[in-house]
Each structure stands twice: as C-alpha cells, then as structure tokens.
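Coordinate inspection notes
So you can see what is in the structure, the chains are spelled out below.
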Amino acid sequence: MLRFLTAGESHGPALTVIVEGLPAGVPVERERIDADLHRRQGGYGRGGRMKIESDSVEVLSGARHGRTLGSPVSLLVRNRDHENWKDVMSPDAQPDAARQRRRLHYPRPGHADLAGALKYGTDDLRNVVERASARETTARVAAGALARALLREAGIEVRSHVVRIGTASLPAGDVAWERLDAVEESPVRCVDARAAEAMVAEIDRARKDGDSVGGVVEVIARGVPAGLGSYGQWDRKLDGRIAQALMSIHAVKAVAVGGGFAGGETRGSAFHDEIVWDEAVGITRPTNRAGGLEGGVTNGQEVRAQAVVKPIPTLLVALRSVDLATKEARKASVERSDTCVVPAAGVVAEAMLALVLADALLEKAGGDSLDEVLAHLEATREAQRRLAGPR
Ligand SMILES: Cc1cc2nc3c(=O)[nH]c(=O)nc-3n(C[C@H](O)[C@H](O)[C@H](O)COP(=O)(O)O)c2cc1C
C-alpha cells in the first residue's frame, strides 16, 4: 500500500526518496522532518562529517499548503560537501586525473566494498562505497517522518532507545513508555543516566584505541490497533516484515521481536502473556513478552522490537586488506571517522518501523483521504471494543 524508493550517493548532489500510497490530507511539516534528520545525525560517538552536514529536507512534489495530495511525495536532502566532490562524482565522462582522484582499491572488511566490486565488476571501490554508505538512511528517515505523520493522526507513536553499547547495558526489564522522554536529552539516547555514563565511557575507550563499538536499540510503537498484518501468508506476517525492515538498516545484524532471544531459554509458562479480564478495560494482558505480535498480527499491545548493531567497520586501527590492483597486502582505507552509530541507528529504526506500520495500517483501514482512513480505523476499533472491550 505504501511504497518508497530512495536514490542518491553519499557524496553526490543529494539523497532523494519517492513515497507513494499516502492518502490525501496527511500533514507535511518540514520542521518535523528536519527534526528527525537532525536526530539521525546526532548521538555521542559520531565523527567529523556530521558537523559539515546539517540536513534539511526539500519537498519537491505531492504536498500543497502543508498537506499531502494523495499523489507521490518526493523529498530531497542535499549533500552539503558535494561541492568538494563535483568532478569525482560527476555523472559525465571525466579526464583521467579526475577519474584517479579519490579512487579506492583497498576494500574495508565489514563494508560492501569487496562484495560490491565482485558483484558489479569494478576495481574502483568508490563505485560501491558511495551507494552502500549509511548516508542512504537519511532518505529513509525523511520518508519515515511522513509515515509518522499519518500514524500520529491515527493515534500511533513510534519511539526508540538504546539498550546497550558494547558491555554497558540497561538493567534487565522492559522500559516503560513514559521513561522514553528522557531519551532525547541523553547523549547516547538511553533512559538511564548511570547506564548512559557507562555507554559514553565505552565509546571513549573505543575511540582512544582507534576502534569502534556496537550495541542494541529498541523500537516501540504505542497505540497500534489490533489486527495489523496477517497469518494468512508468510509474506504478510507483520513480525517478518518488521524484521526485514530493521535488518535492512546498515550494520544491523540481528532482530528480536518482544522477548526475542530470551524465548530460547525460558519455559512456555514463564514466557507467554496471559489473557485476563479487567472490568475497566476488558480483555487485557499483564505482560508483553510477545512484543505486541502473535501469529504475525498485532494484538493491541505495544509493538516492541530490538536490533543488534555491529561495531562500525571503518577503524583507525585499520584491518588487513589487499590492494585490488597489485594484490599486495595493505591496510584497509579509512573513509569515515565515527566510533559508534548505535544512537543514530535507533532513529533509523524508528523510521523503518513507522513505514512498515503505516503500510499495514493502510492495508487494514486504507482510503484515499486521511478522513476516510480515520473513519475506517474507528469502525475497526469499535468492532474490537464490542468483541473484547469492557461490558
Ligand atoms: C546511521 C549509520 C551510520 C553509519 N556510519 C558509519 C560510518 O561512519 N563508518 C562506518 O564504517 N560504518 C558506518 N555505518 C555502518 C555501515 O554503513 C555498514 O556496516 C556497512 O554499510 C556494511 O553493511 P552491513 O553492516 O549491513 O553488512 C553506519 C550505519 C548506520 C546505521
């Protein structure tokens, strides 16, 4: 129902995204999109480029006077340092000197460099690096901000927080939604000040050693109606769609829904969320280890998923590599200087969850205008209240 395609290279003129399927009437507020873009650029442990780039969105189509039109929305975010890369990134044929400038031939372990060179048959890794870079997530965050605007109208909010950086982690247990306000004040987007201090220290140690450090983020959506997704077919299961969306984020290497990996070491009686009756709210659940999803369908609880972010691969203490031209042993190129991107990955994860939930919402309660969607959603909620709500 909701589709989006991004385009653009890391040092090209801009990143772009086309979002198709949004109903007419969804608020388009550039300040809100920019606020998300800035959150993606922040977080303790980022390097020099984030200071050069202060991202800001341009809305090229699909919106008028602050609302979507129902036609495709296209967004553009310029790369501010493109000025210095004009010949290197030119789409037009260039003299040899420009072709040699910024040429890369030592693939970095952990990046797409070698796999991409083998795939596309190039010995200039610049052709791979530019698109494989996580700069692409800028376009996803911009698209995600539009999805969030639709969800907000439907009473659904999406947030994230950092659970772990290296060995520094939050104390065990679910983080309540109300605690998430603290996240935007924290340098590492963590709800717990003591854990945040330990996370900052972990990043400082890694940076001092010229190394990098990974971690875990959690994304949470509140207000999600029951009945999004379907068990009817494998590719309609919403847990699978969320997992794919989160796994597609650069550096994410594992995804867990709800209790996730703990399910492998817990007995069923201690894992599943009992169903109880409460006169005030009707059918309810005292726990949420399922992360709001059973059978690939939302059950009305908060949707919760975690993503494991690997330590970023560009290291000042560069790992061993081989020069593709001479086949001699070389140290991998150092293209970027971030130490830790876990807080930023959380912001990207919010965007991806928002896009998947908005798509599933439109499947369930779609319409050509926001008013139609909200009317369909209210009818669904009313039917569910009759089935499971208080007497
Ligand atoms: C927001 C964000 C920023 C990133 N910045 C960097 C970076 O500065 N340096 C780096 O080596 N990797 C960075 N990465 C990770 C790489 O892009 C990623 O590891 C690489 O493209 C290979 O993809 P894979 O890890 O998914 O296999 C970043 C990831 C995210 C989500």
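Before reading on, note that the structure itself is shown above.
Read on for an overview of the structure. Predicted, not measured: the structure shown is a model, and the values here were computed from it.

Along its length, the protein carries 11 helices and 17 strands. Its C-alpha atoms give the protein a radius of gyration of 22 Å, near enough to 21 Å, the size a compact globule of 391 residues would have. Projected onto its principal axes, the C-alpha coordinates of the protein cover approximately 75 × 50 × 40 Å. Out of the 391 residues belonging to the protein, those deemed buried represent 49%. If you take every contact in the protein between residues at least 6 apart in sequence, the share linking residues at least 24 apart comes to 70%. Here the protein displays about 18900 Å² of accessible surface, and carbon together with sulfur accounts for 52% of that area.

Moving on: the site of the ligand. In the vicinity of the ligand lie 18 residues, with His-111, Ala-251, Lys-253, Lys-310 and Thr-314 positioned nearest. For the ligand, an oxygen atom lies 2.7 Å from a polar atom in the side chain of Lys-310. Within the contact set of the ligand, an oxygen atom lies 3.1 Å away from a side-chain nitrogen or oxygen of Asp-338. Taken by itself the ligand offers 630 Å² of open surface, and the protein chains cover 90% of this.

A separate point is the sheet that holds strand S3 (residues 57-61). With respect to topology, four strands assemble into an open sheet ordered S1-S2-S6-S3, the strand pairing being antiparallel. Each having just a single partner strand, strand S1 (3-7) and S3 make up the two edges of the open sheet. Neighbouring strand axes in the sheet, compared pairwise and without regard to direction, differ in orientation by 20° on average. Where S1 and strand S2 (residues 14-20) come together, five bridges link them in antiparallel fashion. When the bridges of S2 are listed, Arg-3 appears paired with Glu-20. Strands S3 and strand S6 (73-78) of the sheet are contacted by helix H1 (residues 30-41), whose axis makes an angle of about 130° with S3.

With respect to the helices and strands, the residue Leu-362 is situated in helix H10 (residues 342-365). When its relative accessible area of 2% is taken as the criterion, Leu-362 is described as buried. Ignoring anything within four residues of it in the chain, the contact list for Leu-362 reads Met-1, Leu-2, Gly-21, Pro-23, Leu-150 and Val-373.

A few words now on helix H7 (residues 193-208). The terminal C-alpha atoms of H7, which comprises 16 residues, lie 23 Å apart, in line with the 22 Å expected from a rise of 1.5 Å per residue. Those residues of H7 not exposed but buried are Ala-195, Ala-196, Met-199, Val-200, Glu-202, Ile-203 and Ala-206. End-on, the buried residues of H7 take up no more than an arc of 155°, which puts them together on one face. Turned more than 90 degrees off the buried face of H7, the exposed positions are Ala-193, Arg-194, Glu-197 and Lys-208. For H7, the side-chain oxygen to backbone nitrogen distance between the N-cap and Arg-194 is 3.0 Å, and the N-cap itself is Asp-192. Count one or two residues on from H7 and you reach Gly-210, which has phi positive near 70°.

On to the pairing of strand S7 (residues 157-165), then. Across the nine residues of S7, seven count as buried, placing the element largely inside the fold. Where S7 lies against strand S9 (residues 215-222), eight bridges are found, and the strand directions are antiparallel. Bridge pairing links Ile-165 to Gly-215 in S9. As paired strands, S7 and strand S8 (residues 168-169) are joined by two bridges and run antiparallel to one another. For Ile-165, the partnering residue across the bridge sits in S8 and is Ala-168. Taken together, S7 and the strand that follows it, S8, pair antiparallel across an intervening segment of two residues, in which Gly-166 is found at a positive phi of about 55°.

All right, on to the packing of helix H8 (residues 238-247) against H10 then. Viewed as axis vectors pointing N to C, H8 and H10 meet at an angle of 150°, and their least axial separation amounts to 9 Å. When you trace H8 past H10, the crossing you get is right-handed. Only Ala-349, Met-352, Leu-353, Val-356, Leu-357, Asp-359, Ala-360 and Glu-363 of H10 make contact with H8, whose side of the interface consists of Leu-238, Arg-241, Ile-242, Ala-245 and Leu-246. For the contact of H8 with H10, the class distribution of residues is 10 nonpolar, no polar and three charged.

What counts, and where the lines are drawn
Residues numbered from 1 in each chain as written. Predicted model: local features only at pLDDT ≥ 70, side-chain atom pairs only at ≥ 80, totals over all residues. Heavy atoms only, no water. Helix = DSSP H or I, 4+ residues; strand = E, 2+ residues; numbered from the N terminus. Rg over C-alpha atoms; globule rule 2.2 N^0.38 Å. Buried < 20%, exposed > 50% of the residue type's maximum accessible area, 1.4 Å probe, protein only. Contact = heavy atoms within 4.5 Å. Areas by Shrake-Rupley, 256 points an atom, 1.4 Å probe, with all protein chains shown as cover. Near = heavy atom within 4 Å. Polar contact = N/O pair within 3.5 Å; in protein donor to acceptor, adjacent residues only side chain to side chain. Pairing = 2+ DSSP bridges. Axes fitted to C-alpha atoms, helices over the stretch in contact; angles between N-to-C directions. Expected span 1.5 Å × (residues − 1). Arc of directions from axis to C-beta. Left-handed = near helix turned anticlockwise from the far one by under 90°. Nonpolar A, V, L, I, M, F, W, Y, C, P; charged D, E, K, R; others polar.

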